[in-house]
Amino acid sequence: MILRNLSAHSQKIADQGELKDVSPAGLVAVSSETGFRLLASAPGVWVTEQALVPPPPPASPA
């Protein structure tokens, strides 16, 4: 998962035992688990990069 730091400050995040420093407006690749945790705990700070998130598969006809 690719996230963008929306805050005006650098953010430090831990992802699978690795500490990552993300600059303001910077992008970071994180595991899905870490990404969902960050989005749920700080939605005003992190946003997914929509252009890099694949679209959902088409729904199958019922």
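The structure presented is a predicted model; accordingly, all values stated were derived computationally and were not measured. As a convention, each chain's residues are numbered from 1 in the sequence order in which they are written. The predicted origin of the model limits local features to residues at a pLDDT of at least 70 and limits the giving and counting of side-chain atom pairs to 80 or more, whereas totals for whole chains, interfaces and linings rest on all residues. Working from all heavy atoms in the structure, the side-chain values ignore hydrogens and water.

1. Observations regarding the sheet that holds strand β4 (residues 27-29)
Where we set the bar: Strands pair, by our definition, only if DSSP identifies at least two bridges between them. Comment: elements are numbered from the N terminus, with helices defined as DSSP H or I runs of at least four residues and strands as E runs of at least two. What counts as an axis is a line fitted to C-alpha atoms, over the stretch in contact for a helix, and the angles between N-to-C directions run from 0 to 180 degrees. We call two residues contacting when some pair of their heavy atoms lies within 4.5 Å.
The antiparallel open sheet is built from three strands, whose spatial order is β4-β1-β5. Edge positions in the open sheet fall to β4 and β5 (46-48), since each of these has one partner strand only. Neighbouring strand axes in the sheet, compared pairwise and without regard to direction, differ in orientation by 35° on average. Pairing of strand β1 (residues 2-5) with β4, which is carried by three bridges, proceeds in the antiparallel orientation. Bridge pairing in β4 links Arg 4 to Leu 27. Set on the sheet, helix α1 (residues 32-41) makes contact with β1 and β5; between it and β5 the angle comes to about 130°.

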